[in-house]
Amino acid sequence: MFQPSPWRADFPAIAALERQHQTYLDSAATTQKPQALLDALSHYYGHGAANVHRAQHLPGALATQAFEASRDKVAAWLNAADSHQVIFTHGATSALNLLAYGLEHGFNEGDEIAISALEHHANLLPWQQLARRRNLRLVILPVNEQGFIDLNQALQLIGPRTRLLAVSQLSNVLGTWQPLPALLAHARAQGALTVVDGAQGVVHGRHDVQQLGCDFYVFSSHKLYGPEGVGVLYGRKQALEQLLHWQFGGEMVQLADYHAASFRPAPLGFEAGTPPIAGVIGLGATLDYLASLDALAVERHEASLHQHLLRGLADRDGLRILGTPQTALVSFVVDGVHNADIAHLLTEQGIAVRAGHHCAMPLLKGLGLEGAIRVSLAVYNDSDDLQRFFDALDQGLELLR
Ligand SMILES: Cc1ncc(COP(=O)(O)O)c(C=O)c1O
């Protein structure tokens, strides 16, 4: 039975892609954008751009007002207690690098950082490099066959030497929600700081950072239907106070002379230089749009398409799904066929999916794979998108096997 998306027409690029005979099933990499975002960008640039936090003139005051209104909207979206706990960065990657540099002073030789075996490179490499700089031990929490961090082992590996735990909320390869409440509670009881990579998780459902109980939560705007070049770092008040400044320049400074300077606290102290003003304002408009949707209807729509995708893949011979995906995406391999060959034939038929290691090389290597195909869904997808994908997959496999 045809399952339409009631929100498809809100995303003008989907119709444009259809005219180019393209079916977009790569939203875990980045999403298409709602008209509300295009309108906000056009309004900002069409009515007078200005820098924020520095000019007294009217355009500057309006830009600052809109920019700070977005900070309030992000804080509300995450249920942060205070918008000063929201720092704008250039993406999840830059937020995680900010943390790895800003917290570096608190680590001593022999301290441990725990991450999981399924992390995206963005939540692996900043910690790996910090460990190398400071002679720390990077502890890798194992992942079980279903695709979840193995809690029993994790609770043993996170101990009094663990100074920081950094884990993904929702795996970008396996589509599994990680057991965060137990992990975070245990890590905090050991005195460790906790970092949640919400890059994929933030896109599906609303998440309350206070309830989650993490010290830091990061995400990228572009995966949440917003513009690129904007990321969010949320921090608990006491955790933010532990951050040392890491990038220096305009706007983050309190007082400066030639040989010394003092710096502002969060958030502005961690937003050196001109921020991505239009992008931040655009993210605010995107959140307004998302907040206007019926959250339960979105959840049902995504769940139903996901089940459809899982069933369709399970019905096909010789195909292996990685882990037990719960939300929005499925990664798979086909016995005896290289993932790049499948991707090539899908691309030729206008199906946009992702192939390769998905920026999680150690995870794929651990699974004995060079790569996999990932199909990922968003609110604008409908069952016809999946049908086109299945038809193209069947044709491709017929040629390849
Ligand atoms: C789980 C996860 N973490 C972090 C990132 C990095 O996001 P960005 O490239 O927007 O900084 C991604 C992007 O794919 C991701 O899926």
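Residues numbered from 1 in each chain as written. Predicted model: local features only at pLDDT ≥ 70, side-chain atom pairs only at ≥ 80, totals over all residues. Heavy atoms only, no water.

## Focus on the overall build of the chain
Within the chain, the secondary structure is distributed over 14 helices and 15 strands. In summary, the chain has a C-alpha radius of gyration of 22 Å against a globular reference of 21 Å for 401 residues, a match within 12%. Referenced to the eigenvectors of the C-alpha coordinate spread, the extents of the chain come out at roughly 70 × 55 × 35 Å. When each of the 401 residues of the chain is scored for burial, the buried share is 53%. Contacts in the chain between residues far apart in sequence, at least 24 positions, make up 71% of those at least 6 positions apart. Within the structure as shown, the chain displays about 17,500 Å² of accessible surface, and the carbon and sulfur contribution to it stands at 53%. With 27 positive and 38 negative side-chain charges, the chain shows a separation of 5 Å between the mean positions of the two kinds. (Helix = DSSP H or I, 4+ residues; strand = E, 2+ residues; numbered from the N terminus. Rg over C-alpha atoms; globule rule 2.2 N^0.38 Å. Buried < 20%, exposed > 50% of the residue type's maximum accessible area, 1.4 Å probe, protein only. Contact = heavy atoms within 4.5 Å. Areas by Shrake-Rupley, 256 points an atom, 1.4 Å probe, with all protein chains shown as cover. Lys, Arg positive; Asp, Glu negative; His and termini not counted. Charge placed at Lys NZ, Arg CZ, Asp CG, Glu CD.)

## Points about the UniProt feature "domain: Aminotransferase class V" (unreviewed entry) in the chain
The UniProt record annotates "domain: Aminotransferase class V" (unreviewed entry) at residues 23-389. Taken end to end, residues 23-389 has its terminal C-alpha atoms 8 Å apart, with 38% of it in helix and 17% in strand. (UniProt positions renumbered as here; feature names shortened; annotations may be inferred.)

## Focus: the nonpolar core
Val74, Leu78, Phe88, Leu141, Leu165 and Tyr217 are the most contacted members of the largest nonpolar core, which totals 56 residues. Discounting residues that sit within four places of it in the chain, Phe88 has contacts with Phe67, Ser70, Arg71, Val74, Val230, Gly231, Val232, Phe270, Glu271, Val280 and Leu283. With 29 residues, the next largest nonpolar core counts Ile113, Leu136, Val218 and Leu240 among its residues. (Core = buried A, V, L, I, M, F, W, Y, C linked by side-chain atoms within 4.5 Å.)

## Observations concerning the sheet that holds strand 12 (residues 329-334)
Taken in spatial order, the four strands make up an open sheet running 11-12-15-14, and their pairing is antiparallel. Each end of this open sheet is capped by a strand with a single partner; those strands are strand 11 (319-321) and strand 14 (354-356). Neighbouring strand axes in the sheet, compared pairwise and without regard to direction, differ in orientation by 30 degrees on average. Alignment of strand 11 against strand 12, held across three bridges, turns out to be antiparallel. (Pairing = 2+ DSSP bridges. Axes fitted to C-alpha atoms, helices over the stretch in contact; angles between N-to-C directions.)

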